[in-house]
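Working through the structure, step by step
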Amino acid sequence: MRKHIPILTFVFILLLQGFICYAQKKTIDQKVDSVLKMMTLDEKIGQMNQYNGPWGATGPLTNDNNLLSQIKEGKVGSMLNVTGVKRTRELQELAMQSRLKIPLLFGQDVIHGYRTIFPIPLAEAASWDMEAIERSARIAATEASAAGIHWTFAPMVDIARDPRWGRVMEGAGEDPYLGSMIAVARVKGFQGKGFGHTDAVMACAKHFAAYGAAVGGRDYNSVDMSLRQLHEVYLPPFKAAAAAGAASFMNSFNDLNGIPATGNSYLQRDILKKEWGFKGFVVSDWGSVGEMIPHGYAKDNYEAAILAANAGSDMDMESRSYIKNLAQAVKEGKVKIAVIDEAVRRLLKKKFEMGLFDDPYRFCNEEREKQQWDNQAHLHAELDIAKRSVVLLKNEQNVLPIKRSDQTIALIGPFVKAKSDNLGFWSYDWPDDSLRVVSLWEGMQKKASKGTKLLYAKGCNIIDTSSSGFEEAVEAANKADVVIMSIGEARDMSGEAKSRSNIHLPGVQEELVKAVAATGKPIIVLISAGRPLVFNTVAEKAKAILYTWWLGTKAGDAMTDILFGDYNPSGKLPMSFPITEGQIPVYYNHFNTGRPAKDDNDRFYRSAYTDLSLYPAYPFGFGLSYTHFSYSGITLNKESIKPGETLKASITVTNIGSMEGKETVQLYIRDLVGSVVRPVKELKGFQQVTLKPGESKEIYFAITANDLRFYNDKLLYKYEPGDFKLFIGTNSRDVKEADFKLIK
Ligand code: BGC
């Protein structure tokens with residue numbers, strides 16, 4: 001009998017915890033209901049209204065002079081672009097003068113850091129390191145929440161296959177599996193231990209949905225795709241974010257198959273709220289309710305408000321369509337009061353969960369704000385993930401890492417002394433950036449040995465066409481043993497409304513590389529950018545290429561550590577890099593044609609262009625290391641599995657180089673015959689392993705029938721028995737393969 005006591009106690013504790021949770025949940029629901037009962041229709045609609053603050057904007061402003069009085073009248077539920085304890089407190093005080101004293105929510109685009117700027121999300125994705133990505137979001141939340149912010153408009157989880165689209169920088173690249181894992185890591189990071197903790201901010205998965213598939217990579221453009229593709233490629237990261245508990249979703253500017261996302265009830269009601277059981281709320285994108293008018297979907301703002309609310313958009317960001325029209329729409333029976341109540345319930349619930357009804361100023365602590373202003377541990381973490389994000393694309397004759405011996409190094413290019421350009425789009429300009437942000441030049445000064453001479457020549461600017469600095473650059477190169485060139489895109493060249501048809505290096509930077517290469521000196525090129533660029537000539541001329549994206553506050557230190565080999569690069573591309581713009585879209589998980597080519601010369605069997613290779617410049621998952629890894633063949637524990645069984649695939653990876661290094665071992669599968677055609681490869685898993693020189697490790701992957709599911713032509717998510725290929729390797733192209741079957 002005695003031995004049952006611990007079990008009983010355990011069960012009792014579980015029941016008690018369950019009851020407490022239930023009681024707390026019930027209490028919040030009850031509280032929401034009791035507030036709702038007291039609210040007038042205008043107050044309810046006020047909760048569904050979000051305004052931009054008077055201090056800065058991230059979209060076209062709708063001018064309004066009586067913003068402050070509207071807060072006092074309870075006509076505003078949330079503000080964006082209001083940061084800092086002082087300002088958020090000031091506005092919250094106005095909300096506390098409203099009849100029901102419902103606190104405001106302060107939302108902000110904290111996309112890759114707040115005070116400490118982290119690598120852009122696409123760069124972080126290249127780390128394939130979920131812990132590091134979660135940590136980065138955690139720190140962003142800690143700093144933002146200390147500045148009065150309750151809610152970040154992140155993560156952006158849009159799958160993107162088109163690097164002309166400027167917003168690729170905000171996402172995790174082209175793959176739904178990697179994208180889903182990263183979505184979860186970011187949601188967990190932002191929301192931390194959960195609402196109620198003052199360092200947790202609400203996450204917002206955006207832009208729902210398929211914004212990344214805008215025709216031609218042109219921002220805000222239409223999207224037309226099969227529902228199968230939508231479910232299989234574009235929705236998984238959203239689904240994962242919802243399952244991870246993301247507090248909110250933001251809809252998107254694009255129309256999807258003819259219906260703007262903001263007025264799309266298939267997306268917002270049927271899929272998100274019904275099928276996925278999402279309990280949070282949906283905010284529109286900036287002005288997207290009103291933008292249904294130019295889309296040609298709504299006649300006027302009145303109709304736009306009706307369509308958006310009925311479709312499940314709970315909050316109107318900056319269109320002012322709800323506040324002006326919804327009351328009338330309810331009176332005329334065009335929007336049911338139940339629709340309004342449901343939206344307000346969702347919104348109030350989050351305000352309760354965040355603890356704002358208990359204390360509307362709980363994020364307004366000046367002491368905490370000060371503490372987070374100069375958090376050295378955060379800078380240290382930023383440096384760490386910046387290093388993990390860099391991708392080594394080429395390293396001829398092991399020119400990298402640079403020897404520590406005394407020598408002359410010429411640092412050439414417009415990025416060598418760049419500061420804010422390292423921060424990238426969606427980052428803040430802090431007054432002390434010139435001191436905090438580390439340039440490559442500063443990083444190198446700190447690390448180079450005493451006897452090393454560093455020379456500098458800018459060569460040219462990032463964008464303009466003057467080559468007047470070339471001579472000086474060539475002179476510096478001539479005096480050097482080795483040349484490091486730091487080039488790329490300016491901070492605002494990738495981001496919202498930054499689509500580019502030409503994604504070559506801007507200005508005369510490519511010419512600069514050619515001029516310097518003519519000296520015959522070994523050149524190492526670092527490319528800083530917010531998207532995959534086209535840089536074939538540079539790749540030809542350079543001995544080594546490091547893709548450094550936009551690395552954030554400690555960019556220069558991260559680059560220097562990698563150049564000197566204090567960190568062995570381990571990043572892998574989260575997007576395929578095209579050879580040229582004409583190849584776009586190019587992505588690894590495409591379908592086969594009926595005439596798949598064996599190689600570029602296979603005339604009637606090519607599905608590409610006569611003047612272009614079939615293959616991208618660098619494939620998805622690609623990234624080198626200063627060491628080399630060899631892969632054994634794949635061993636499977638069985639040749640076939642039944643549903644419910646597990647296939648174990650193993651491979652031995654050996655470090656055959658002379659430096660310790662980290663490898664990301666990638667698992668792909670292909671379903672050879674399906675009721676609908678299947679991609680030539682699909683990422684299904686990956687593992688990171690750090691190996692010393694000479695060290696080997698056996699890596700295991702487990703696959704079950706559930707991993708083989710896909711959306712069939714009835715949109716059912718099912719596996720189909722048949723033949724499969726399994727690939728394991730260092731990127732999506734260079735893999736070992738094995739065959740297996742799924743049987744009934
Ligand atoms: C962007 C969103 C952003 C919002 C608020 C819009 O223009 O598309 O991603 O969160 O502005 O700044």
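Analysis parameters
Residues numbered from 1 in each chain as written. Predicted model: local features only at pLDDT ≥ 70, side-chain atom pairs only at ≥ 80, totals over all residues. Heavy atoms only, no water. Helix = DSSP H or I, 4+ residues; strand = E, 2+ residues; numbered from the N terminus. Rg over C-alpha atoms; globule rule 2.2 N^0.38 Å. Buried < 20%, exposed > 50% of the residue type's maximum accessible area, 1.4 Å probe, protein only. Contact = heavy atoms within 4.5 Å. Areas by Shrake-Rupley, 256 points an atom, 1.4 Å probe, with all protein chains shown as cover. Lys, Arg positive; Asp, Glu negative; His and termini not counted. Charge placed at Lys NZ, Arg CZ, Asp CG, Glu CD. Core = buried A, V, L, I, M, F, W, Y, C linked by side-chain atoms within 4.5 Å. Pairing = 2+ DSSP bridges. Domains from an automatic or database assignment. Buried area = accessible area lost by both parts, 1.4 Å probe. Phe/Tyr/Trp six-rings, centres within 6.5 Å; stacked < 30°, edge-to-face > 60°. Near = heavy atom within 4 Å. Polar contact = N/O pair within 3.5 Å; in protein donor to acceptor, adjacent residues only side chain to side chain. Nonpolar A, V, L, I, M, F, W, Y, C, P; charged D, E, K, R; others polar. Axes fitted to C-alpha atoms, helices over the stretch in contact; angles between N-to-C directions. Parallel < 35°, antiparallel > 145°, perpendicular 65-115°, else oblique. Left-handed = near helix turned anticlockwise from the far one by under 90°. Arc of directions from axis to C-beta.

Across its full length, the chain holds 22 helices and 27 strands. Computed over C-alpha atoms, the radius of gyration of the chain comes to 27 Å, within 12% of the 27 Å expected from 2.2 N^0.38 for 744 residues, which places it in the range of a compact globule. Taken along its principal axes, the extent of the C-alpha atoms in the chain is 75 × 70 × 65 Å. Within the chain, the fraction of its 744 residues that count as buried is 60%. Taking as baseline every contact in the chain between residues at least 6 positions apart, the subset at least 24 positions apart corresponds to 79%. Here the chain displays about 29,000 Å² of accessible surface, and carbon together with sulfur accounts for 52% of that area. Placing the 91 positive and 86 negative side-chain charges of the chain at their respective mean positions leaves the two points 4 Å apart.

What follows covers the nonpolar core. Buried together is how nonpolar side chains tend to be arranged in soluble globular proteins. In this structure, Phe249, Ile412, Phe535, Tyr547 and Trp549 are the most contacted members of the largest nonpolar core, which totals 152 residues. Examining the composition of this core, we find that seven residues originate from one element, helix α14 (residues 337–353), more than from any other. Leaving out residues up to four positions away in the same chain, Tyr547 has contacts with Ser389, Val390, Val391, Leu393, Ile527, Ala529, Arg531, Pro532, Leu533, Phe535 and Phe577. Ranked by size, the runner-up nonpolar core spans 30 residues in total, among them Leu392, Ile484, Leu526 and Leu546.

Moving on, we come to the pairing of strand β11 (residues 391–395). Taken across its five residues, β11 has five buried, putting it largely inside the fold. The pairing of β11 with strand β16 (residues 544–547) spans four bridges and is classified as antiparallel. Its bridge partner being in β16, Leu392 is matched across the sheet by Leu546.

Next up on the list: the domain arrangement of the chain. Partitioning the chain into structural domains gives domain 1 (374–583) and domain 2 (629–742). Placing a centre on the C-alpha atoms of domain 1 and another on those of domain 2 gives a separation of 34 Å. At the interface, seven residues of domain 1 touch eight residues of domain 2. At the boundary of domain 1 with domain 2, total buried surface from both sides reaches about 550 Å², with 47% on carbon and sulfur atoms. When the area that domain 1 buries against domain 2 is broken down by residue, the three leading residues are Asn568, Ser570 and Lys572, summing to 76%.

Per the stated rule, a full pass over the model turns up 32 aromatic pairs. Aromatic side chains Trp373 and Trp430 sit 5.0 Å apart centroid to centroid with 80° between the ring planes, which places their arrangement in the edge-to-face category. Here the residue Trp373 occupies a position in the loop between α15 (366–371) and α16 (376–389), and Trp430 occupies one in the loop between β12 (408–412) and α17 (433–436), the gap between them amounting to 57 residues. A centroid spacing of 4.5 Å and a plane angle of 10° characterise the contact between Tyr588 and Phe620, whose relative ring orientation is stacked. Within this pair, whereas Tyr588 is found in the loop between α22 (555–563) and β17 (629–631), its partner Phe620 is found in the loop between α22 and β17, the two being separated by 32 residues in sequence. Classification of Tyr588 as buried rests on a relative accessible area of 9%. For Phe620, a relative accessible area of 0% translates into the label buried.

What follows covers the site of the ligand. The immediate surroundings of the ligand are formed by 13 residues, with Thr58, Asp109, Arg167, His207 and Asp285 found nearest. Here an oxygen atom of the ligand and a side-chain polar atom of Lys206 are 2.8 Å apart. Residue Glu496 places a side-chain N or O atom 2.8 Å away from an oxygen atom belonging to the ligand. In terms of residue class, the shell around the ligand is made up of six nonpolar, two polar and five charged.

A pair of packed helices can be characterised by two numbers: the angle between their axes and the separation between those axes. It is at 8 Å that the axes of helix α7 (residues 176–191) and helix α9 (residues 236–243) come closest, and there the two elements cross at 30°. By the angle class used here, α7 and α9 are roughly parallel. α7 and α9 meet at a crossing whose hand is right-handed. Contacts between α7 and α9 involve Pro176, Gly179, Ser180, Ala183, Val184 and Val187 from the first element and Pro236, Pro237, Ala240 and Ala241 from the second. Counted by class, the contact of α7 with α9 contains eight nonpolar, two polar and no charged residues.

Looking at the element boundaries, Thr142 is found in helix α6 (residues 130–146). When neighbours within four sequence positions are excluded, Thr142 is seen to be in contact with Asp199, Arg368, Gln372 and His378.

Turning our attention to the sheet that holds strand β13 (residues 453–457). The six strands lie next to each other as β11-β16-β15-β14-β12-β13, forming an open sheet whose pairing is mixed. A single partner strand is all that each edge strand has here, and the edge strands are β11 and β13. If you compare each strand with its neighbour and ignore which way they point, the axes differ by 15° on average. Pairing of β12 with strand β14 (residues 482–488) involves four bridges; the strand directions are parallel.

Our focus in this paragraph is the sheet that holds strand β1 (residues 49–52). The strand order β4-β3-β2-β1-β10 describes an open sheet built from five strands, whose pairing is parallel. Since the sheet does not close on itself, it has two edges, and those belong to β4 (151–152) and β10 (316–317), each with one partner. The pairing of strand β3 (residues 105–108) with β4 spans two bridges and is classified as parallel. Each bridged residue has a counterpart across the sheet, and for Gly107 the counterpart in β4 is Trp151.

This part is about the side chain of Asp561. Relative to the elements of secondary structure, Asp561 occurs in helix α22. Those residues in contact with Asp561 that sit more than four places away from it in its chain are Leu383, Lys387, Lys447, Asp566 and Tyr567.

Glancing now at helix α20 (residues 509–517). Among the residues making up α20, those that are buried are Gln509, Glu510, Leu512, Val513, Val516 and Ala517. Down the axis of α20, the sector holding all buried residues measures 155°, keeping them to one side. Buried residues in α20 make contact with β12, α19 (470–479), β14, β15 (523–528) and α21 (536–541).

Next up on the list: unusual backbone geometry. Each neighbour pair has its own omega, and for Ala154 with Pro155 the value is 10°, a cis peptide bond. Checked against the element boundaries, Pro155 lands in the loop between β4 and α7. Phe208 connects to Ala209 through a cis peptide bond whose omega is 5°. Take Ala209: it is sitting in the loop between β5 (204–208) and α8 (227–234).

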